Amino acid sequence: MTEGLPATEKRNPRSAGIDLASTEQVLAVINAEDARVAAAVRDQIPQVARALDAIVDRWDRGGRLFYCGAGTSGRLGVLDAAECPPTFGTPHDRVTAVIAGGAEALLRSVEGAEDRPETARADLEERGFDGQDALVGIAASGRTPYVLGAVEHAAAIGAVTVGLSCSPGSELERAVDYPITPEVGPEVVTGSTRMKSGTAQKLVLNMLSTGLMIRTGCVLGNLMVNVQVKNAKLEDRAQRIVGEVCGCDLETARGTLEAAGLNVRLAILMLKRRLDRGAAESLLARFGDNLRLALEANDD
């Protein structure tokens, strides 16, 4: 009865009697299954790397990164996209996501939305998606019509296509330029792909977006030097970053940040290169907003 089913829909023999287990036993089974996820993702690092290099290439030429999914997969894409502007200072439309059923699907299931591939094209076109961009289709089963419709449209116009699923040999895996398929196996509760499959997808999306920002100069060392100072917590973080990079006290960091218009990269350049704000802005612009390149520039 399981022939032809994606791996995510098969029964897991290790959790077959979980409804008869004690509370601690239930949690131990879930935890043991979760422990398999990191290894499955690790096995896909070469595939993730190839996909990331292709995304970086499009980004460097002015392209954008789009995520597309339904249900849990779609929500994970929206979450990852939403974190990029405050963390790395990206424009809100540079990393973006479409989800089957639209905004309503973020809070509740929109039944049937994932079965309409034609709406994916419309959702992408509404956001100006074009052949310069990169699309990551996310579907645990690898067969979601909405995601397959998005991938088909993206491929037709020359965009880079990445497929993130947990079902080897899936239609999504075959349809994209760069398949990423962590084999997490059957879920603890059969078909509940918000569990191991969702965890694997989240880990891969973290790799793609964070790797993109590292490769494009939004991180210095392991510090988020493009952080947007929008609240007290982020202001404190920004001050600590400036202080750590420049070796100064927090009062100096705070004053320079204010003089830099709360721009962490400018504050660092002003202190490290002994520049005023205007000169720091010019230097940073000369190196495409890449702080490390600006810091290491030889003006001779």
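Residues numbered from 1 in each chain as written. Predicted model: local features only at pLDDT ≥ 70, side-chain atom pairs only at ≥ 80, totals over all residues. Heavy atoms only, no water.

Tell me what's going on with the nonpolar core, and back it up with residues and numbers.
One finds Tyr-67 and Val-136 to be the most contacted residues of the largest nonpolar core, which totals 35 residues. Elements that contribute at least two residues to this core include exactly helix H1 (23-42), helix H2 (45-60), strand S1 (65-69), helix H3 (71-88), strand S2 (95-99), strand S3 (134-138), strand S4 (160-164) and helix H7 (196-215). Among the elements that make up this core, the one with the highest residue count is H2 (seven residues). With near-sequence residues (within four places) excluded, Val-136 lies in contact with Ile-55, Leu-65, Phe-66, Tyr-67, Cys-68, Val-162, Leu-164, Leu-205 and Leu-208. (Core = buried A, V, L, I, M, F, W, Y, C linked by side-chain atoms within 4.5 Å. Buried < 20%, exposed > 50% of the residue type's maximum accessible area, 1.4 Å probe, protein only. Helix = DSSP H or I, 4+ residues; strand = E, 2+ residues; numbered from the N terminus. Contact = heavy atoms within 4.5 Å.)

Tell me about the pattern of salt bridges, residues and numbers included.
Per the stated rule, a full pass over the model turns up ten salt bridges. A salt bridge links Asp-57 to Arg-61, with the shortest nitrogen-to-oxygen separation between them at 2.6 Å. A relative accessible area of 38% means that Asp-57 is categorised as partly exposed. A single network of salt bridges, built from pairs that share partners, joins Arg-14, Glu-33, Arg-36 and Lys-196. (Salt bridge = Lys/Arg side-chain N within 4 Å of Asp/Glu carboxyl O.)

Any chance you could break down the packing of aromatic side chains for me, citing the residues and the numbers?
The geometry of two aromatic rings is summed up by the distance between their centres and the angle between their planes. With the rule as written, the count across this model stands at one aromatic pair. In this structure, Arg-94 is placed above the aromatic ring of Trp-59, and the distance from its NZ or CZ to the ring centre is 3.8 Å. (Phe/Tyr/Trp six-rings, centres within 6.5 Å; stacked < 30°, edge-to-face > 60°. Lys NZ or Arg CZ within 6 Å of the ring centre and 35° of its normal.)

Explain helix H5 (residues 145-156) residue by residue, including any values.
Along an α-helix, residues three or four apart share an orientation, since each turn contains 3.6 residues. In this model, H5 (twelve residues) spans 16 Å end to end at C-alpha, consistent with the 16 Å of a helix rising 1.5 Å per residue. Those residues of H5 that sit buried are Tyr-146, Val-147, Leu-148, Gly-149, Ala-150, Val-151, His-153 and Ala-154. Residues of H5 that are buried sit in contact with S1, S2, helix H4 (117-126), S3, S4 and helix H6 (171-175). Just past H5, the residue Gly-158 takes up positive phi, approximately 90°. (Expected span 1.5 Å × (residues − 1).)

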